[in-house]
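Architecture and fold: a report
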Amino acid sequence: RSTGYPLPLPLRVPRTEMASYEKVEWYYVGLDDVQKGPVSWDQLKAVYNQLDDSCLLWNQNMEQWLDLGQLPKVKEALKPKPKPKSKPVKKGPPRGPPKFGGGGGPKRFGGGGQSQQQPRHQTREKNKSISESIEFKRIAEEVPNEGWRRLVAADGTVYYHNTISEETTYDIPDVFQTDDDKVRDGEWIWVPDQYEGFIKGKVLNRMGNGAIQIETETGESRQVGPKKANKCVKLDWFNLRRTEQDLVLLDDLNEPLIMWNLQERFKNNQIYTNVGSILIAVNPFKKLPLYTPTIIDKYAKRGNRILPPHVFHIASESYRNLLEGTTEKTAQSIVISGESGAGKTVCTKFCLKYLAEVADSEGGVEEKILLANPIMEAFGNAKTTRNNNSSRFGKYVEIFFDKRMRICGSNIQNYLLEKSRVVVLGPGERNYHIFYQLLRGGSDDLKRNLMLGDLDDYHYINQSETGVDGMDDVEEWRTLMKSFETLEFTKKEQNDVLRITAGVLHMGNIAFKSTGDRKCGVKQRSNLSPAAKLFEVDERQLEKVVTTRMLRLRGQDPIEVGLSVEEATAARDALSKFIYEHMFDWLVKRINKSIGRGKFVKGKTIGILDIFGFEIFKTNSFEQLCINFTNEKLQQFFNQHTFKLEEALYSAEKIRYEKVGYIDNQPVLDLIEKKPRGILPMIDEELKLPRGSDKTYVSKLIKTHVPNKKYFLKVLKRPENFVVKHYAGDVEYESVGFLEKNKDRLYEDAYDLLSGSSFKFLAHMFPSDDTKGNKTTLGAKFRKQLNDLMRTLNTTYPHYIRCIKPNSEKAPMQFTVNMCLEQLRYSGVFEAVKIRKQGFPFRYTHENFVKRFKCIDQKRNWGRGKSACRALLDHMKSRAAQVGERRVLYRADDHRKMELIRNVAVEKRAIFIERYCRRYIAKKQLKAMLAIRPKLLAVLKSRNLDELNSVLQQCGHIQYPMREINLVKRRIFCIQEEKRLEKVLLDVVNKDPERYFSAFARAVAAADEIGMEGEVAEKVREMYHYAKEKKRVEAEMRAGMEELDEDKLRNALQEAQQAGADPYKIRQAQDRLDKIVNEKRAIEDIGAYQRQNLEEAPMQNIIDRAEQISYVTEDIKYLKHMLYDLSPEKFAQEQLKAAVRSKDQDRAIRITIKIKDMFFKQQGDMFTFRGFPKFRTPVEWSNLKFTLFSSTREELQRTMFRWTKTPIHASLIELPGKSGKDGTRMFRNLLGYMGDRSYNFPEHLLIEMVTEALDKVPLRDEIYAQMIKQLTQNPDSQSAFKGWSAMAVCLEAFPPNPEFENYFEVWLRKTIKDASKRTRYLTLLHQAIFCGARTTPPTENEMKRIMGGETLRRKAGFQQEEKAAPQYQGLQVEVADEQIEWNEVEDISDRPDAKAYDTNRNNYNARKPMAPKPMAPKPMAPKPMAPKPSVPRFGGPKPMAKKPTLPKFGG
């Protein structure tokens, strides 16, 4: 393809298998030459029909872009499954309307058909109506003249129209139903599932007890119990035809359909979905290209366009309302909620980013607002199991605007910092980021001043993990320091904050030891000192505060009470928590002071509330009560706002409507906060009582509220717990610790210690006048903050963002339905959908309604206003829709019906309009072409560029590619190119064609392009072709040298002299050729030798050398066959035959042992020594000895095959005749030789044994068996040594009989552990077998040599030593490893200093070796290079005859 994309050569198959195709994101370049992506595997399959083999694909596992045609496995996987065969055609499809233009222009203007300049893939299908598409024609052919047509609306919805009955429907008619559609017939339901949320099931049977028998999509049969059956929801397959951007527009309102819609959008990276004015944001846990400046600009300048849901849309809507004052309340607010890890903090950042980008500011205020985030996150965010950067506090950021609607300031209000995190961490969690940033990013001097060490040294942070994936604490520290400077924190303020932070770390290291009953002391005073120094308090006073408590009673002096180790630890942690909390509050105030509010206009504010979502845990305490109380307040605010908007609209339109009902959660709010019996006020009252406790509090609470069973329940199994029925679900609260957490204040002695500190920064955070007067509880303080927040929100027009966490593993693009469903329930989204659905979710103004639907009857004059709307509704038979004062309002059923009618009307009208538009355009083009054609023909005879360009400019309105226009363009190009080439050719003709090869190549190509001739042009061509031929021949020589190809080298050398190749290169090539020839001769000689001998290592060596120079002979083929095709056993047998042929005894024995190795590895268990069939059984053998004692017989049985000092009574093997007695006699000889019995001249005994064995063949196996018996478990090493010597002498004299041979060899292999000794005895054994028995026994001298390790036997006719193999000198020449010295002539055509290299043509041979070029950088995927514009070519030019004048172009 001429797209300009770099196609790789050679192509490489991507490192990815079918199993991984679906796990990666794909990019592709379609037929329109536009790069698209990333897309999922399913999305790529969906567009497969729009691709061909030349389209490019790429994913992260591929090194470069590849054509689809070069990826056969991918192509096969993308192909859709074949559809079932259709019914036979009864009648052809209806004819389409006549076509004008497009493909039917007059042939005299270029031959008709498609434009020559159009891409080959562009077809007439783009200009066809939907009803004329290929797909429709295919389907129309299948329909047996029943009138049905399958159509697609502008929004992608498929519907069906019958041209005979004029019926229109979304349901698939029978004639279009595939096998899959027929499977979907019948009753289908959504079935709740604990793993997948909901599954689709076809009802097979409804049972009497309420249970349902279903079949899933996968064909699995299930039974749904009665309880679960009541929760099943009807499934309409039509509702799954497409996803909706707004859940309110769903045709049916149920949880399964909402979850399916969200999940399908999430799969396509569409993480935002609307519910009316509410935005649902599903955290993708990966970066998406949705927040670039281009996207911000798109939403900022959207005008009246409807854009996809986005967090920027919410921010844009709030700013627009503020700017235009279109809402009832000028001030705006954005309420962002969701559980930890749902993405609240990110949404807040993007809202602030959008406002800062769009609104601008004076004095860089918007930058300060953005840079406040790093400080807030460092001190208020931490890693939890659900989120790596979780905000552990709520905040309301209020942004102020001036008269010019620019940001002029902001204010931050924080809520409920999770201060317990400072002292206690859960598994897999981290403390606040600042601790790790300080220890990792702080300078050595700073850490030295703060007395800090390593991360593992501090109890408050070493309880769990210290790192966070994707977060660099050092880089975050730098950002924090930059934020401090931008927000104008002084160096002293920065140091004071870090000093407090370090002091809190040191506090955690104070440990305690028990010193008596309810008394304790500090375990190591060295841990106390750093905290006391940093806080500038007395060390002893600090110790006293954490180990004792002052008990104050009315009328008595304070009493000092000791604390236990557990109580002291709690006191230490309380002190740390309060110090950190006060420092955080100070930071918020300091940030507010730094940013300021500026000269803002009252009411011109946008508030962003980032608040914790509803929480239901296994154990819910006081914190969860406060959080859920906040969400109850916000839910009431949301319900009232949504309800009021709906009712206000209906009232303004003056339509009939039923009052929209919604859940009023005021009773729950009263239950929690109303005095005096609310849950929170009762905690405050209980704190005032002397003996108040959690137990007494919860008993009073249950007694007071147990009648209110609608909202409050007691827990019978856990009397200390109670249940509150919130809007999002029932929550069981554990009352333990309620009073202590609600008290939320330090003891006076601890408070006095801090307020009296010499460290002014710390002392100011704990003013001394606040110790007794301020005893506000946490609950009261929180209620006040929350009421202030609600008052602020009530003065604003709210916008809502509900953040959803799709999975608990923080895995990218993984959607867990049940988890998301639970969060949507908690966030009140279903309530919002319900409120909107109860009303009229579809609404158009009168003008827009008439514009949209008047096309249903174009001939009728519908009029304007209400009357036109009513007439349209009557015509479409819509009875439920209502016409209001300014709008038409209707529900989903009417929407579906009216949209179907409109789609059919639009389809008909579109065909009509297209028909006449095409005819008009074609006629207009024809008239214009007829008018301009004479001018074009006339100017083609001219060489005047001005005239040619003037006529060409007059053709600007001609869209059809006329042949004459192309010829004029070609002529202009050739004339311009001719003038340019005259200078170029004159410039290069005097230069060295090798040194300026690229310049010559470009000049010749350009001259050939326009058919340029002339003396200079021909001379340049001749010089170029001479240099080109020389380069080709030298390249062939080098290739032959590198590839060690004799034929290629010979051919290149034959052409080298004629082509003028470099003599030095010719010599190198000739030397290499000679070496290759010599190498082949050596290979032939050694190959022939190894064919006879088959030595494995030399065979492999010679094969490798032959492959190195691509040389094949019959001997090499044979060696490869032997080495590669035969099994190891078969090859060893061939080697044995070769050794025998060459009379090489030693090699034959070695190979025999190798064969036996392979044999015994598989079959060795068959030849265990005692399994020899001729052995007597121990019982039989013992019975041959006469004895009266059974113990003697049993001892004989045990020692039959073990060493004994006594003679045997019978042979071990059943021997014929008198041989049995000879066997027992030989055993006495063996005992005598081994020294187990005393005899004179033991050597004679051994010679006698050998002599007997040589004479009596059956006796041989008995002698070897007796030796094995005496060597088994022999306790005397000297006796065993002589036994092995005797065996060596016997093996040198005679072999065992064939039937005993394998049993004997297996015993040798298993018994002898030493490898060299085992090899010697195996060699002796096989030598004996190979050579046979001696004729005479060995002499005493020979016996000594045998015992010394010598081998004496040699078979007649076999060589004494191995025959030496031929030398390998010929193969020592490693031609492939030689360095080729190839001095290339450097092409300097494109060098900026090329003129400095110009030389006279007489000095062509004065060459310099070309410097090595650096490797080109690897192109980065996935973005391919843009296509380069090519020079237009209009027909092939014909060269003119040679003329002695200046060059002219032909053609």
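Notes on the structure in this doc start here. Please read these numbers as outputs of a predicted model, since none were measured by experiment. (Residues numbered from 1 in each chain as written. Predicted model: local features only at pLDDT ≥ 70, side-chain atom pairs only at ≥ 80, totals over all residues. Heavy atoms only, no water.)

1. Things to note about the nonpolar core
Stated formally: Here, nonpolar core refers to any group of buried Ala, Val, Leu, Ile, Met, Phe, Trp, Tyr and Cys residues whose side-chain atoms link them within 4.5 Å. For every residue, the accessible area obtained with a 1.4 Å probe (protein chains only) is divided by the maximum for its type, and the residue is called buried under 20%, exposed over 50%, and partly exposed between those limits.
Counting residues in hydrophobic clusters, the biggest one holds 184 residues, and the most contacted among them are Val-311, Phe-379 and Ile-801. Core analysis: the second largest hydrophobic core is formed by 57 residues, Ile-1153, Leu-1230, Ala-1286 and Leu-1325 among them.

2. What to know about the pairing of strand 6 (residues 158-162)
What counts is decided by this rule: Secondary structure elements are taken from DSSP: a helix is a run of H or I of four residues or more, a strand is a run of E of two residues or more, and numbering for both begins at the N terminus. Any two strands with at least two DSSP bridges between them are considered paired.
Of all five residues making up strand 6, four are buried, and the element is well covered by its neighbours. Sheet topology places strand 5 (residues 148-152) next to strand 6; five bridges connect them, and they run antiparallel. Bridge assignment links Arg-150 to a residue of strand 6, and that residue is Tyr-160. Hairpin remark: strand 6 followed by strand 7 (residues 168-169), antiparallel, with five residues in the connecting loop; positive phi at Glu-166, about 60°.

3. Overview of the packing of aromatic side chains
Inclusion rule: Two rings from Phe, Tyr or Trp (for Trp, the six-membered ring) form a pair when their centres sit within 6.5 Å of each other. Planes less than 30 degrees apart are called stacked, planes more than 60 degrees apart edge-to-face, and all others tilted. Counting as a charge over the ring demands two things of the Lys NZ or Arg CZ atom: a distance within 6 Å of the ring centre and an angle within 35 degrees of the ring normal.
Evaluation of the coordinates by the stated rule reveals 47 aromatic pairs. Between Phe-712 and Phe-722 the ring centres are 5.7 Å apart and the planes differ by 20°, which places this aromatic pair in the stacked class. Linking Phe-712 in strand 25 (residues 712-714) with Phe-722 in strand 26 (residues 721-726), this pair joins segments that are 10 residues apart in sequence. Each member of the pair, Phe-712 as well as Phe-722, is classed as buried. Through successive ring pairs, a cluster of aromatic residues spans Phe-1159, Phe-1160, Phe-1167, Phe-1169, Phe-1172, Phe-1175, Phe-1201, Tyr-1264, Phe-1294, Phe-1300, Tyr-1303 and Phe-1304. When the ring centre of Phe-578 is taken as origin, the NZ or CZ atom of Lys-419, which lies over that ring, is 4.1 Å away. When the ring centre of Phe-912 is taken as reference, the NZ or CZ atom of Arg-909 above it lies at 5.2 Å.

4. Things to note about the pattern of salt bridges
Under the convention used in this document: What counts as a salt bridge is simple: a side-chain nitrogen of Lys or Arg found within 4 Å of a carboxyl oxygen of Asp or Glu.
Under the defined criterion, the tally for this structure stands at 77 salt bridges. Among the salt bridges present, the one from Glu-653 reaches Arg-887, with a minimum N-O distance of 2.9 Å. Of this pair, Glu-653 sits in helix 19 (residues 622-653) while Arg-887 sits in strand 31 (residues 887-890), and the two are 234 residues apart along the sequence. Residue classification places Glu-653 among the buried residues on the basis of a relative accessible area of 0%. Owing to a relative accessible area of 23%, Arg-887 belongs among the partly exposed residues under this scheme. For Glu-1342, the salt bridge identified is with Arg-1334, shortest N-O distance 3.0 Å. Through salt bridges with shared partners, a single network forms among Lys-1156, Asp-1157, Glu-1301, Glu-1305 and Arg-1309.

5. Digging into the environment of Leu-753
Worth spelling out the cut-off: Note on contacts: a residue pair qualifies if any of its non-hydrogen atoms lie within 4.5 Å across the two residues.
Among the structural elements, Leu-753 can be located in helix 24 (residues 748-755). Taking C-alpha positions, Leu-753 is 9.0 Å from Ala-763, a pair spaced 10 residues apart along the chain. When neighbours within four sequence positions are excluded, Leu-753 is seen to be in contact with Val-537, Gln-541, Leu-542 and Val-545.

6. With respect to the sheet that holds strand 30 (residues 882-883)
Reading across the sheet, the three strands line up as 29-31-30 and stay open at both edges, with antiparallel pairing between neighbours. Across the chains shown, the open sheet's two edge strands, defined by having one partner strand only, are strand 29 (842-845) and strand 30.

7. Things to note about the side chain of His-705
By the element assignment, His-705 lies in helix 22 (residues 694-705). On the basis of relative accessibility, which here comes to 9%, the residue His-705 falls in the buried class. Setting aside chain neighbours within four positions, we find His-705 in contact with Leu-671, Arg-677, Met-682 and Phe-712.

8. Quick notes on the packing of helix 37 (residues 1063-1093) against helix 38 (residues 1096-1108)
Note the threshold: Comment: axis = line fitted to C-alpha atoms, over the contacting stretch for helices; angle = value between 0 and 180 degrees taken between N-to-C directions. Reported orientations rely on four angle classes, namely roughly parallel under 35 degrees, roughly antiparallel over 145, roughly perpendicular from 65 to 115, and oblique for the rest. Crossing handedness follows the turn of the near helix against the far one: under a right angle anticlockwise gives a left-handed crossing, and clockwise gives a right-handed one.
Contact geometry for helix 37 and helix 38: axes closest at 10 Å, N-to-C directions at 150°. Here helix 37 is positioned roughly antiparallel relative to helix 38, judged by the angle of their axes. Pair helix 37 / helix 38 crosses with left-handed handedness. Here helix 37 contributes Glu-1079, Ile-1083, Ile-1086, Gly-1087 and Gln-1090 to the contact with helix 38, which in turn contributes Pro-1098, Met-1099, Ile-1102, Arg-1105 and Ala-1106.

9. Observations concerning helix 7 (residues 255-267)
Put simply, the rule reads: Under the convention used throughout, the expected extent of a helix is 1.5 Å for every residue step, that is, one less than its residue count. The definition of a polar contact used here is a pair of N or O atoms within 3.5 Å, where within protein one atom must be able to donate a hydrogen and the other to accept one, and adjacent residues in sequence count solely through side-chain atom pairs.
Helix length check: helix 7 (13 residues) gives 18 Å between terminal C-alpha atoms against 18 Å at 1.5 Å per residue, within 8%. Along helix 7, the residues classified as buried are Pro-256, Leu-257, Ile-258, Met-259, Trp-260, Asn-261, Leu-262, Arg-265 and Phe-266. The residue sitting at the N-terminus of helix 7 and contributing the capping side-chain oxygen is Asn-254; that oxygen lies 2.8 Å from the backbone nitrogen of Leu-257. Just downstream of helix 7 lies Asn-269, where phi reads positive at about 65°.

10. Concerning the sheet that holds strand 15 (residues 332-338)
Within a beta sheet, neighbouring strands are joined by backbone hydrogen bonds and run either parallel or antiparallel to one another. Strands sit in the order 13-14-28-15-24-18-19 across an open sheet of seven strands; the sheet is mixed. A single partner strand is all that each edge strand has here, and the edge strands are strand 13 (272-275) and strand 19 (407-415). For this sheet the average axis-to-axis angle between neighbouring strands, irrespective of direction, equals 20°. Bridge count for strand 14 (residues 278-282) against strand 28 (residues 797-804) is five bridges, and the pairing is parallel.

11. What to know about the side chain of Thr-216
Assignment of secondary structure puts Thr-216 in strand 10 (residues 212-216). Residue Thr-216 is classed as buried on the basis of its relative accessible area, which comes to 8%. A polar atom in the side chain of Thr-216 sits 2.9 Å from the side chain of Thr-218. Residues contacting Thr-216, with those up to four places away along its chain left out, are Ile-199, Lys-200 and Arg-222.

12. Topic: the packing of helix 46 (residues 1259-1271) against helix 47 (residues 1277-1293)
Cut-off, in case you're wondering: Gly counts as polar in this scheme, as do all residues outside two lists: the nonpolar Ala, Val, Leu, Ile, Met, Phe, Trp, Tyr, Cys and Pro, and the charged Asp, Glu, Lys and Arg.
Running from amino to carboxyl end, helix 46 crosses helix 47 at an angle of 160°, the nearest separation of the two axes being 9 Å. Relative to helix 47, the element helix 46 is oriented roughly antiparallel. The chirality of how helix 46 crosses helix 47 is left-handed. Residues Ile-1263, Tyr-1264, Met-1267, Ile-1268 and Leu-1271 of helix 46 touch helix 47, and the partners they reach there are Ala-1280, Gly-1283, Trp-1284, Ala-1286, Met-1287, Cys-1290 and Leu-1291. Taken together, the residues of the contact of helix 46 with helix 47 sort by class into 11 nonpolar, one polar and no charged.

13. Here we look at helix 33 (residues 963-988)
Our working definition: What the bend at a residue measures is the angle between two axes, fitted to the seven residues ending there and to the seven starting there.
The terminal C-alpha atoms of helix 33, which comprises 26 residues, lie 36 Å apart, in line with the 38 Å expected from a rise of 1.5 Å per residue. Maximal helix bending in helix 33 amounts to about 25°, located at Leu-981.

14. Examining unusual backbone geometry
Outside of glycine, negative phi angles account for most residues, and trans bonds account for most peptide bonds. For the bond running from Lys-675 to Pro-676, omega is 0°, close enough to zero to count as cis. In this fold, Pro-676 is placed in the loop between helix 20 (666-673) and helix 21 (679-688). Backbone geometry at Lys-810 places phi at a positive 60°, although glycine is not the residue there. With respect to the element layout, Lys-810 can be found in the loop between strand 28 and helix 27 (817-827). Overall, the relative accessible area of 22% leaves Lys-810 in the partly exposed class.

Remember that the coordinates give geometry; whether it matters functionally is a separate question.
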